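What follows is the residue order along each chain.
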2 protein chains.
Amino acid sequence: MPRTTPAPSAVPETAGAFPVTVDVVALTVRDAELHALVVDRLLEPYRGQAALPGGFVLPGETLEQAAARELEEETRLTVPAGATGTGPWHLEQLRTYGPLGRDPRGPVLSVAYLLLAPAFGLPAAGGDAAEARWVPVGDTRAGLAFDHDQILADGVERARAKIEYSPLAAAFCPPEFTVAELRGVYEAVWGTRLDARNFHRKATGTPGFLEPTGRLGGGGPGRPAELFRLAPGVDPSATVLHPPLLRAGAS
Amino acid sequence: MPRTTPAPSAVPETAGAFPVTVDVVALTVRDAELHALVVDRLLEPYRGQAALPGGFVLPGETLEQAAARELEEETRLTVPAGATGTGPWHLEQLRTYGPLGRDPRGPVLSVAYLLLAPAFGLPAAGGDAAEARWVPVGDTRAGLAFDHDQILADGVERARAKIEYSPLAAAFCPPEFTVAELRGVYEAVWGTRLDARNFHRKATGTPGFLEPTGRLGGGGPGRPAELFRLAPGVDPSATVLHPPLLRAGAS
DNA sequence: TCAAAAGTGTTGATATTACACCCATGT
DNA sequence: ACATGGGTGTAATATCAACACTTTTGA
């Protein structure tokens, strides 16, 4: 049946209205490993269990606003406005789950978001919000509330696929970074080892990806590495790298 | 039926409840051109204007069920159950739009689905449902109600990207098809011309894509073509073609 | 026999991979 | 000096793109 509209500005009575949540898969690379942000739930259902940060969408806000608000409330982490654009942050919609069979309270729709961010510290536990912490994605087998294990797995798979053909790996790095740092991101996200020499050539040789800053970075042992930034004017989520940085190229 | 559990704890009062629609981007290839399914709206808002088939999600149904029901109601087209799997049909979630600024009646969330299907006839116009028709995607500039132009564009772009590295192009074909038919799908979806000889080698040479049936098809002029089917046991949405059938390879 | 479409062979250009080798710094 | 990581050169292999050529049918 077509949309039935009793009045020009009403929604049909037969249509259900659904509570809608946003849940955020926030990923970062720490200690050469991919980590996800989880919070410990203070309230029922699943009280005391770990879950993805998220919560109900409020009237009058967009889904992106709700995602940013929930992240900030639960982790004191402020997502820069317009993080869908360039820079060391990236927020994009993942997919929508529900409404049936995923929340003991009843039908709830959840719109999941994926956030890719450079490593950053979290405030010490003990605010009025639940404690937020980073957990290695390999350690999260079947431990999260609701269907959040599935959502996390989908988010990780999305990240793995996207860095292959988009400049999004740079979203895990600070504004200026070395090729080795970038390679560390690929190795952590894919869980593989990459040949440093070939990676360097591919990354620096792919048009529309990296731009040299001219400066040198790093104070560790060995020759200092050149610092790069993301090529100017590229939308990391729209740019397609050619040739791609192939996942198959792992040794 | 609605799974409304009286519940250990209820959804917080502060949380908004949103009407939720599903809208379907149904694509097919007809006359060597990519077409989308649209319906003419019988009711306000946007009465008389073309729109994607879709409508409100009812209590107790899943999003996929709602998408299939709306398609069937508005186009008399029955989506086979489990069309997310193998075969000449493919239904997948596209993304979620809203809730603000997209429906004059107020905040409405829309979960968009993408359906890839072989060409099929539509019932003659004049049922109690709105008339459904195929329109070439090139002809749909800014003509659809709501934000459906954007949703259609997103669906087309998803289809274009996916057939490059997945066997999903076969979802546009009947169960058995020739390499030329398959090439026609790529040409229509990408809007390019492909070299028939190189395409044949790539398509038949890519593991996990095509399986020869041994039979021959076609009664037209020229040498009869071998009939193929999708390789058995492949999930078209999960399989990754290697090497991919590159869009760049268009001549 | 001819037109049309299917399918194979071949070749130069480009990409990938593996690894030898040099460069620049801290200790 | 030497260890450590940064970065370049090069050669074997695979893939891509263009196109000559053969095969198999209908008219």
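Residues numbered from 1 in each chain as written. Chains lettered and ligands numbered in written order. Predicted model: local features only at pLDDT ≥ 70, side-chain atom pairs only at ≥ 80, totals over all residues. Heavy atoms only, no water.

### What to know about the sheet that holds strand β10 (residues 225-230) of chain A
Read across the open sheet, the three strands follow the order β8-β10-β9 (chain A); overall the sheet is antiparallel. Lying at the two open borders of the sheet, with one neighbouring strand each, are β8 (177-178) and β9 (210-217) of chain A. (Pairing = 2+ DSSP bridges. Helix = DSSP H or I, 4+ residues; strand = E, 2+ residues; numbered from the N terminus.)

### Concerning the packing of aromatic side chains
In total, this model carries ten aromatic pairs over all chains according to the counting rule given. For the pair Trp89(B) and Phe120(B), a centre-to-centre distance of 5.8 Å together with 35 degrees between the ring planes defines the contact as tilted. Residue Trp89(B) is located in the loop between α1 (63-75) and β5 (90-97), and its partner Phe120(B) is located in the loop between β6 (109-116) and β7 (132-136); the two are separated by 31 residues in the primary sequence. For Trp89(B), a relative accessible area of 18% gives the class buried. Given the relative accessible area of 17%, Phe120(B) is considered buried. Among the aromatic residues, those joined into a ring-pair cluster are Trp89(A), Phe120(A) and Trp134(A). Across from the ring centre of Tyr97(A), 5.0 Å away, lies the NZ or CZ of Arg95(A), which sits over that ring. (Phe/Tyr/Trp six-rings, centres within 6.5 Å; stacked < 30°, edge-to-face > 60°. Buried < 20%, exposed > 50% of the residue type's maximum accessible area, 1.4 Å probe, protein only. Lys NZ or Arg CZ within 6 Å of the ring centre and 35° of its normal.)

### Let's talk about the protein's contact with DNA strand C
The full set close to DNA strand C counts 25 residues, and Asn198(A), Lys202(A), Ala180(B), Arg201(B) and Glu226(B) are the nearest of them. Between a phosphate oxygen of DNA strand C and a side-chain N or O atom of Lys202(A), the distance comes to 3.0 Å. Here a base oxygen of DNA strand C and a side-chain polar atom of Arg201(B) are 3.0 Å apart. Elements supplying a minimum of two residues to the surface near DNA strand C: α4 (196-205) of chain A together with α3 (179-190), α4 (196-205) and β10 (225-230) of chain B. (Near = heavy atom within 4 Å. Polar contact = N/O pair within 3.5 Å; in protein donor to acceptor, adjacent residues only side chain to side chain.)

### As for the environment of Pro243(A)
All names here are of chain A. Following the sequence through the fold, Pro243 ends up in the segment after β10. Note on Pro243: relative accessible area 39%, which makes it partly exposed. For the pair Pro243 and Tyr165, spaced 78 residues apart in sequence, the C-alpha separation works out to 7.9 Å. The residues contacting Pro243, other than those within four sequence positions of it, are Lys202 and Thr206. (Contact = heavy atoms within 4.5 Å.)

### Some points on helix α2 (residues 148-165) of chain A
Residue and element names in this part refer to chain A. The first and last C-alpha atoms of α2 sit 26 Å apart over 18 residues, in line with the 26 Å expected at 1.5 Å per residue. His148, Ile151, Leu152, Gly155, Val156, Ala159, Lys162, Ile163 and Glu164 are the residues of α2 that are buried. The inward-facing, buried residues of α2 abut β1 (17-30), β2 (33-40), β3 (50-51), β5 (90-97), β6 (109-116) and α3 (179-190). (Expected span 1.5 Å × (residues − 1).)

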